[in-house]
Amino acid sequence: MIAAVLFLPLGAQPVPGRMSFGTRSIDLGTVSEDSAMVTASVEWKNTGDSPVAVLMAKTTCSCLAVEYDRTPVPPGGTGRMVLTYYPKGHPGKIGRKVFVYAGLEASGPDAVLYVTGEVEPSSMPVWQYPHRMGALLLKQTEVNIAGNAPQVERVACMNAGDSPLEITAMEGLLPEGLTFRCEPQVLQPWETGDLVIGFDPARLKTALPDTLPVILEGLALPPSRRTHGLDGNR
């Protein structure tokens, strides 16, 4: 058997694995809030003498995701990370970080990436209205009425259809003391507005029920799918 012996210059030691990034600053540029996502690829090189594997990567916001291969990168090899940014709900300047861990440092991350850019606000922020009744989008489907003092509640809404909407409440269901209107009275396509519920306890002839359904008119839906709820505290 022949034994192979590695001779090193006097005092020289093997260099452990290292992660070398061409840049640690990733500029996503200017993106629209209406965009589904924007991605960027980042490469790094192992400039040491032993394999390196990314063990974990953490971001400072759920709006930023990172994908990476856990396969060890040999000395001189390159690895790649893909960053995906979701701009919805995050208008304005982008300033996020990615902490990369490969077990090379005794404590803390082995690299920190800085993600920058800017998100232009959406002109039609439909994501802000999580509830849908046909073409009518709503921020909420329930309103709480205290029942002991005059009160006005507003529910933000948007017409996400191609035709104007004139939203009213089904007559006969609202007791005296409760009023309902839409501002503006007619919602044009992609226009935002408010459903306005007013309460005057002085006009109430009977006790306010614990719950009161408000069936909206002006939508081509069955009543069960166009019902807004009022909760009364007595």
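Preceding block: the structure.
Here the structure is a predicted model, which means the values were calculated and not measured.

## Thoughts on the state of the cysteines
And then number 1: Tallying each qualifying case throughout the model produces one disulfide.
And then number 2: The residue that forms a disulfide with Cys 61 is Cys 63, at a sulfur-sulfur distance of 2.4 Å. Between Cys 61 and Cys 63 the sulfur-sulfur dihedral comes to about 135 degrees; the bridge is accordingly right-handed. The residues Cys 61 and Cys 63 share a single accessibility class, namely buried.
And then number 3: Looking at Cys 157, it has no disulfide partner, and the nearest cysteine sulfur is the one in Cys 182, 4.7 Å off.
And then number 4: We classify Cys 182 as buried; its relative accessible area is 8%.

## Describing the sheet that holds strand S7 (residues 92-101)
And then number 1: Taken together, the four strands give an open sheet; going across it, the order is S2-S8-S7-S4, and neighbouring strands pair in mixed fashion. On the outer flanks of this sheet lie strand S2 (25-32) and strand S4 (56-59), each paired with one strand and no other. Strand-to-strand twist across the sheet, computed as the mean angle between neighbouring axes with direction ignored, equals 20 degrees.
And then number 2: Bridge count between S2 and strand S8 (residues 111-120): six bridges; the pairing is parallel.

## Digging into the side chain of Glu 33
And then number 1: Considering the arrangement of structural elements, one finds Glu 33 in the loop between S2 and strand S3 (38-46).
And then number 2: One buried charged side chain, Glu 33, makes no salt bridge at all; its nearest oppositely charged neighbour is Lys 88, positioned 8.3 Å away.
And then number 3: In this structure the side chain of Glu 33 is engaged in a polar contact, spanning 2.7 Å, whose partner is the backbone nitrogen of Ser 122.
And then number 4: What Glu 33 contacts, discounting residues up to four positions off in sequence, is Pro 87, Lys 88, Gly 89, His 90, Pro 91, Val 119, Glu 120, Pro 121, Ser 122 and Trp 127.

Conventions used here
Residues numbered from 1 in each chain as written. Predicted model: local features only at pLDDT ≥ 70, side-chain atom pairs only at ≥ 80, totals over all residues. Heavy atoms only, no water. Disulfide = S-S within 2.5 Å. Buried < 20%, exposed > 50% of the residue type's maximum accessible area, 1.4 Å probe, protein only. Pairing = 2+ DSSP bridges. Helix = DSSP H or I, 4+ residues; strand = E, 2+ residues; numbered from the N terminus. Axes fitted to C-alpha atoms, helices over the stretch in contact; angles between N-to-C directions. Lys, Arg positive; Asp, Glu negative; His and termini not counted. Salt bridge = Lys/Arg side-chain N within 4 Å of Asp/Glu carboxyl O. Polar contact = N/O pair within 3.5 Å; in protein donor to acceptor, adjacent residues only side chain to side chain. Contact = heavy atoms within 4.5 Å.

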